[in-house]
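Residues per chain are reported as follows:
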Amino acid sequence: MALAIKWHVYEIAAVVGLFILMLIWGYFKEGTVIMAAKAFHNKNYDKAESLLQQISNPNWLSKKRRGFYEFIYGGICLQRQDFNEAEKHYEIAALYPLRSINDHVAALVHVANLSIRHNDFEKAKIFLSLADKHEDKITAKMKDVIKRLHQELD
């Protein structure tokens with residue numbers, strides 16, 4: 001960009017400046033969520049957490065990334081057995097669109113399961129009823145988990 005300005009080629013300098021702005025904007029809209037997801041998938045929870053903590057303001061993330069951010073953070077908290085934080089993050093993740101309907105239902109089921117752990121059976125019933133709405137679109141394993149949670153509530 002500096003060379004383009006030095007050579008008085010302002011059109012190229014403007015294009016380079018636009019690319020730099022798009023790169024910065026993309027970083028704030030996408031963040032390090034994808035790298036954290038890869039680390040989480042590889043069961044490297046410390047790295048995933050440090051990558052998520054690099055995001056200074058999760059509210060600036062795009063809707064899809066914010067939901068995925070909360071979903072991954074909930075999973076990390078669950079692995080660390082910090083059930084209150086996990087429930088909070090999964091509740092937020094359920095408000096946003098996730099990659100697939102199975103991920104969305106998984107967030108709902110996690111909140112229901114953690115609510116049962118905290119003896120908040122009404123909240124668990126509400127989240128399970130939300131998960132039941134997607135029964136025809138989810139995997140058999142998820143259906144089995146929902147069925148077991150219903151049995152615990154009865």
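Right, let's walk through the structure included here.

### Comments concerning empty space enclosed by the protein
Under the criterion given, the structure shown has 1 cavity of 30 Å³ or more. There is about 70 Å³ of room inside the largest cavity. If you trace the largest cavity, you find it lined by Tyr-27, Phe-28, Gly-31, Thr-32, Gln-54, Ile-55, Ser-56, Asn-57 and Trp-60. Here the lining of the largest cavity is built from residues that sort into 4 nonpolar, 5 polar and no charged.

### Section: the packing of aromatic side chains
Per the stated rule, a full pass over the model turns up 3 aromatic pairs. Taking the centre distance of 5.4 Å and the plane angle of 65° together, the rings of Phe-40 and Tyr-45 count as edge-to-face. When the centroid spacing of 5.6 Å and the interplanar angle of 75° are considered together, the rings of Phe-71 and Tyr-90 count as edge-to-face. In this pair, Phe-71 is assigned in helix H5 (residues 63-79) and Tyr-90 in helix H6 (residues 83-95), connecting sequence segments 19 residues apart. It is Arg-117 that lies over the ring of Phe-83; its NZ or CZ is 4.4 Å from the centre.

### Section: the packing of H6 against helix H7 (residues 101-117)
It is at 9 Å that the axes of H6 and H7 come closest, and there the two elements cross at 145°. Considering how the two elements wind past one another, H6 and H7 form a crossing that is left-handed. Contacts between H6 and H7 involve Phe-83, Ala-86, Glu-87, Tyr-90, Glu-91, Ala-93 and Ala-94 on the former and, on the latter, His-104, Ala-107, Leu-108, His-110, Val-111, Leu-114, Ser-115 and Arg-117. Classifying every residue of the contact of H6 with H7 gives 9 nonpolar, 3 polar and 3 charged.

Definitions and limits used
Residues numbered from 1 in each chain as written. Predicted model: local features only at pLDDT ≥ 70, side-chain atom pairs only at ≥ 80, totals over all residues. Heavy atoms only, no water. 1 Å grid on protein atoms, 1.4 Å probe; cavity = no way out; pocket = protein on both sides within 12 Å on 5 of 7 lines; lining within 4 Å. Points joined across faces, edges and corners; volume = space filled by probe spheres on them. Nonpolar A, V, L, I, M, F, W, Y, C, P; charged D, E, K, R; others polar. Phe/Tyr/Trp six-rings, centres within 6.5 Å; stacked < 30°, edge-to-face > 60°. Helix = DSSP H or I, 4+ residues; strand = E, 2+ residues; numbered from the N terminus. Lys NZ or Arg CZ within 6 Å of the ring centre and 35° of its normal. Axes fitted to C-alpha atoms, helices over the stretch in contact; angles between N-to-C directions. Left-handed = near helix turned anticlockwise from the far one by under 90°. Contact = heavy atoms within 4.5 Å.

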